[in-house]
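What the coordinates show
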Protein chains: 4
Amino acid sequence: MARPAVSRARGTAAAARRETAPARAAAKDPGAASGRDDRRKQILKAAVKVFAEKGYHGCRISDVAEEAGVAYGLVYHYYGNKDGLLASVFDTNWAFFAKAVDEIAESGATMRDKLSHIVELAFQAFEMAPLVVKVLVLEFGRNARLGEALDNPQVARVFKSITRIFEDGKKTRELYEGIDPSAMSILFIGALETAFVSFVLTNQGTRSKVQSAVTLDTMKKTLIAMLHRGALGGGHAHGL
Amino acid sequence: MARPAVSRARGTAAAARRETAPARAAAKDPGAASGRDDRRKQILKAAVKVFAEKGYHGCRISDVAEEAGVAYGLVYHYYGNKDGLLASVFDTNWAFFAKAVDEIAESGATMRDKLSHIVELAFQAFEMAPLVVKVLVLEFGRNARLGEALDNPQVARVFKSITRIFEDGKKTRELYEGIDPSAMSILFIGALETAFVSFVLTNQGTRSKVQSAVTLDTMKKTLIAMLHRGALGGGHAHGL
Amino acid sequence: MARPAVSRARGTAAAARRETAPARAAAKDPGAASGRDDRRKQILKAAVKVFAEKGYHGCRISDVAEEAGVAYGLVYHYYGNKDGLLASVFDTNWAFFAKAVDEIAESGATMRDKLSHIVELAFQAFEMAPLVVKVLVLEFGRNARLGEALDNPQVARVFKSITRIFEDGKKTRELYEGIDPSAMSILFIGALETAFVSFVLTNQGTRSKVQSAVTLDTMKKTLIAMLHRGALGGGHAHGL
Amino acid sequence: MARPAVSRARGTAAAARRETAPARAAAKDPGAASGRDDRRKQILKAAVKVFAEKGYHGCRISDVAEEAGVAYGLVYHYYGNKDGLLASVFDTNWAFFAKAVDEIAESGATMRDKLSHIVELAFQAFEMAPLVVKVLVLEFGRNARLGEALDNPQVARVFKSITRIFEDGKKTRELYEGIDPSAMSILFIGALETAFVSFVLTNQGTRSKVQSAVTLDTMKKTLIAMLHRGALGGGHAHGL
DNA sequence: AATGAATGAGATTTCATTCAT
DNA sequence: GATGAATGAAATCTCATTCAT
């Protein structure tokens, strides 16, 4: 799996050996999570929190370890290095979303419903775990060093699934012909993402002078409306 | 003016003294840039390039200085510290866009035309100076430490102008009632931004496995079409 | 405990985190110093030497580390920063003197004997560890940024103890009425201190053109004599 | 004249050319201080203030220049470098005291009166220009790199004059025999100095927890009393 | 598995000093 | 004389990473 290389390589050549040691943990004591797994998850959870609060570049591995209540050496034991940790945070949390999107894409629903589903799914995820979304969006999704992010198969997969939804929509003539499926998938994801970013940045970042007035629900409804109708057009929406 | 605090706070006194020294330049030899100004601009230009290529966190001040052909001390002389440099890069370049958006917002054009103008403007800017856009979007616009970005009056101003366009649109019934102006301005900017990010990340970031097929023009057309008509709707766009 | 702020404030967060990490050492293997403690002490000892030789401002942390035979990072690991190191040097070494002075002050001896004891103690300490005294006196005791030095509880404690000795002396009529206990404690400590400074500066600082002729013993005797009799007065000391 | 070498040599070899340029200024427009002299004095005065407030190591040349209202280049023009500036501060201000002490030493007064005069002189100087005294005492008088301070002929001269006072006192049997003149001169100066330091550090350095109660006058009286009678001895001062 | 002492590359930043104007 | 732009040596400090226990 592709891994980001966010941090300036420090120390020696260590990035190479990422996530070596207990990569095969998990598959041992099925059912009752083995204590080892607990620790792993603890660290991952702490990483989400710390990354969300301080940013990837603004925190130390030891901050994460402290939050998790473990020694920082253990983070290396499990995740190899800081990049590996971010990658694992991403992989673990994104997988859920990617899978759900896949299923929606493959369902027999109409394009409209598929898109609505995805929007619902995303907003639901955001409401349930805003910190996770924040990290996914801000720390992983956007990073100059992260052209590689798009190389991540899981990310590519979601893009492809959504592109396919639009392509299918074109075949069924649900999608307006002026719309390019690939471009549209980018815009769609971008609008979605920005919606979250605006919340994450305005509401969690203490004070907000801009659109704090907009509720999550308003945002969702506006997004769906825009997809369906476009933003313009009074009584009749046949413009341009 | 609000200033970003990207890097881990590293001495507070420093930030206070930012850009103190030759702040009174520029007003001297109108037309031919006075030598001092040359250097300032040189550095700013170099900063854009280096930030774009390596990212704010991935470069050293000395990289910028080298690119500009000056001693790194001069960067501190003029911009106080790394944050100050980024802030100046932002202020300088964003001002242009902010002003243009303001003018568009205040023009007597229809909402549709205003939005099209802005889209055109943005894509034009991107074509003319993709590096600048990249830095504005990636390094400044998105940063965990940057809830403050939205506190930046210039950023807020653009948000407000665009929100006003939508609000005016509502009055003239150009805007579909299901659309909230504030939310819409976020989605609009977000979609725009993501369009650029996708280019910046896929095309400049060496290889691209995803949507390299989408041209800038396709993206622009799709965005405008979506605004006008929505993404859905076959022959007739009265859905939902 | 009050800590000195000798160096230009250079990041405030740093100071806060001072000496956090292995603060809980020492209480483990009584008798044989546990390995960790060894390193700490090694560094402290090296710091005394280097501070004494080059002065606080004239040396680098890496000089201390080199002298101690450790990586400079370890100095930060243990002492947080340069100020923290100086503070620890002070605390560690001054504690001994402070305690001894306290005991003398609380002994039932006459004022004369108490003062003589303290003088003896100080000169003894100087003979045993001139470098330590040099650092305490020159680097910590005198520093423009160090009005805070007097806020240091340990320093204040010594002043108080000595003041008390003089106050008690007043009650027992051992102290001449014209003498103010507080003022006298300052003069007493000052004379003592200067005696050391004169040695430290003239004898260790390479050449000396001034009073290199004065021996430590002469100095001590003169000080005690002055305390007892005053400097003036021929056969009978009832002057002024 | 000996010059201190306080600051770690930075830049290239510049210290060598100290105070070259306008060393011969002053002697040009007798009577009305030439504008040039004004500037020199302005800088010197500013240096005293800034050194006193921030300490030699804690201030920048530009701080002094700013305080003086001149460009920092001018400080170099007049004083060569930072060390040269400190040296000039010292030379200029110490000269007054040195001369006065000389005159007292050469007067035909009794030892007792000479010493009282010097004490009066010192306290007077302190009351008139505490900042100057602070700098002389803290920044110049005590500095690990400044064993050389005692090499300063002006400093040595004062020590010698005072030592001579005590020596003369011995001849006239005014000085108790147990007292060594050289040692006594050190203790005398040290007590005096510390008296000032205690004021400078406790009163100007904001709050004071120690002997803020002691007034300058009490200090002076105590010092004189101690010299005359010693600190000890109730009714009769023939002890030891 | 777990810990945290130890390391040191490397980045930021400061500021004395030079020098062209 | 004056100025302050320009330089860059050097110092502090951070923190990812290694590794012995």
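Another aspect to go through is the overall build of chain A. Along chain A, the regular secondary structure elements total 9 helices and 0 strands. Listed by position from the N terminus, the elements making up chain A come as α-α-α-α-α-α-α-α-α. Scored against the burial criterion, the 240 residues of chain A give a buried share of 55%. For chain A, contacts bridging at least 24 residues in sequence account for 68% of all contacts bridging at least 6.

On to the confidence of the model for chain A, then. All names here are of chain A. When pLDDT is averaged across chain A, the result is 77; 70% of the residues are at 70 or more. Between residues 1-32, whose pLDDT stays under 50, and residues either more than four places distant or in other chains, the model counts 52 contacts. Predicted confidence for residues 205-211 stays below pLDDT 50, and this span has 13 contacts to residues more than four positions away or in other chains.

Turning our attention to the packing of helix H3 (residues 61-68) of chain C against helix H4 (residues 72-79) of chain C. Residue and element names in this part refer to chain C. Contact pair H3 / H4: the axes reach a minimum separation of 8 Å and the direction vectors enclose 100°. With respect to their mutual orientation, H3 and H4 come out roughly perpendicular. On the side of H3, the interface is formed by Ile61, Ser62 and Ala65, while H4 contributes Tyr72, Val75 and Tyr76. Grouping the amino acids of the contact of H3 with H4 by side-chain chemistry returns 5 nonpolar, 1 polar and no charged.

Quick look at the environment of Gly55(B) now. Mapped onto the elements of the fold, Gly55(B) is located in the loop between helix H2 (35-54) and helix H3 (61-68). Residue Gly55(B) is classed as buried on the basis of its relative accessible area of 4%.

Further remarks concern the packing of aromatic side chains. For the coordinates displayed, the defined rule picks out 28 aromatic pairs over all chains. For the ring pair Phe126(B) and Phe196(B), a centre distance of 4.8 Å and an interplane angle of 25° mean the geometry is stacked. Of this pair, Phe126(B) sits in helix H6 (residues 111-128) while Phe196(B) sits in helix H9 (residues 181-204), placing them 70 residues apart in sequence. Both residues of the pair, Phe126(B) and Phe196(B), belong to the buried class. Cluster of aromatic residues (ring-pair linked, three or more members): Phe90(A), Trp94(A) and Phe97(A). The ring of Tyr56(B) has Lys82(B) sitting right over it, with the charged end atom 4.6 Å from the ring centre.

On to the state of the cysteines. Here the structure, examined in full by the defined rule, presents 0 disulfides over all chains. Unpaired in this structure, Cys59(B) has its nearest cysteine sulfur neighbour in Cys59(A), at a distance of 19 Å.

On to the environment of His57(B), then. Residues and elements named next belong to chain B. In this fold, His57 is placed in the loop between H2 and H3. Of the residues examined, His57 reaches a relative accessible area of 27% and is grouped as partly exposed. With 36 residues separating them along the chain, His57 and Asn93 place their C-alpha atoms 20 Å apart.

Turning our attention to the packing of helix H6 (residues 111-128) of chain C against helix H8 (residues 153-171) of chain C. Residues and elements named next belong to chain C. Viewed as axis vectors pointing N to C, H6 and H8 meet at an angle of 160°, and their least axial separation amounts to 9 Å. Classified by the angle between their axes, H6 and H8 sit roughly antiparallel to one another. You can see that H6 and H8 cross each other, and the crossing is left-handed. When H6 is examined against H8, the residues Met111, Lys114, Leu115 and Ile118 are found in contact with a partner set consisting of Ile162, Ile165, Phe166, Asp168 and Gly169. Residues belonging to the contact of H6 with H8 are distributed by class as follows: 6 nonpolar, 1 polar and 2 charged.

What follows is about the environment of Phe126(A). Assessed through its relative accessible area of 6%, Phe126(A) is described here as buried. Contact partners of Phe126(A), with chain neighbours within four places excluded, come to Val133(A), Phe196(A), Phe199(A), Val200(A) and Leu216(A).

This next bit is on the pattern of salt bridges. Taken as a whole and judged by the stated rule, the model has 39 salt bridges over all chains. Of the charged contacts, one joins Lys114(B) and Asp168(B) as a salt bridge, the two residues approaching to 4.0 Å between their closest N and O atoms. Here Lys114(B) is found in helix H6, whereas its partner Asp168(B) is found in helix H8 (residues 153-171), with 54 residues between them in sequence. A relative accessible area of 6% means that Lys114(B) is categorised as buried. Here the salt bridges do not stand alone but share partners, grouping Glu120(A), Asp217(A), Lys220(A) and Lys221(A) into one network.

A few words now on H4(C). Residue and element names in this part refer to chain C. Taken together, the buried positions of H4 are occupied by Val75, Tyr78 and Tyr79. Buried residues of H4, seen end-on, are gathered within an arc of 75° and therefore sit on one face of the element. Just beyond H4, the residue with positive phi is Gly80, at close to 80°.

This part is about unusual backbone geometry. The backbone of Arg173(B) shows a phi angle near 60°, a positive value even though the residue is not glycine. Along the polypeptide, Arg173(B) turns up in the loop between H8 and H9.

Conventions and cut-offs
Residues numbered from 1 in each chain as written. Chains lettered and ligands numbered in written order. Predicted model: local features only at pLDDT ≥ 70, side-chain atom pairs only at ≥ 80, totals over all residues. Heavy atoms only, no water. Helix = DSSP H or I, 4+ residues; strand = E, 2+ residues; numbered from the N terminus. Buried < 20%, exposed > 50% of the residue type's maximum accessible area, 1.4 Å probe, protein only. Contact = heavy atoms within 4.5 Å. pLDDT = per-residue confidence, 0-100. Axes fitted to C-alpha atoms, helices over the stretch in contact; angles between N-to-C directions. Parallel < 35°, antiparallel > 145°, perpendicular 65-115°, else oblique. Nonpolar A, V, L, I, M, F, W, Y, C, P; charged D, E, K, R; others polar. Phe/Tyr/Trp six-rings, centres within 6.5 Å; stacked < 30°, edge-to-face > 60°. Lys NZ or Arg CZ within 6 Å of the ring centre and 35° of its normal. Disulfide = S-S within 2.5 Å. Left-handed = near helix turned anticlockwise from the far one by under 90°. Salt bridge = Lys/Arg side-chain N within 4 Å of Asp/Glu carboxyl O. Arc of directions from axis to C-beta.

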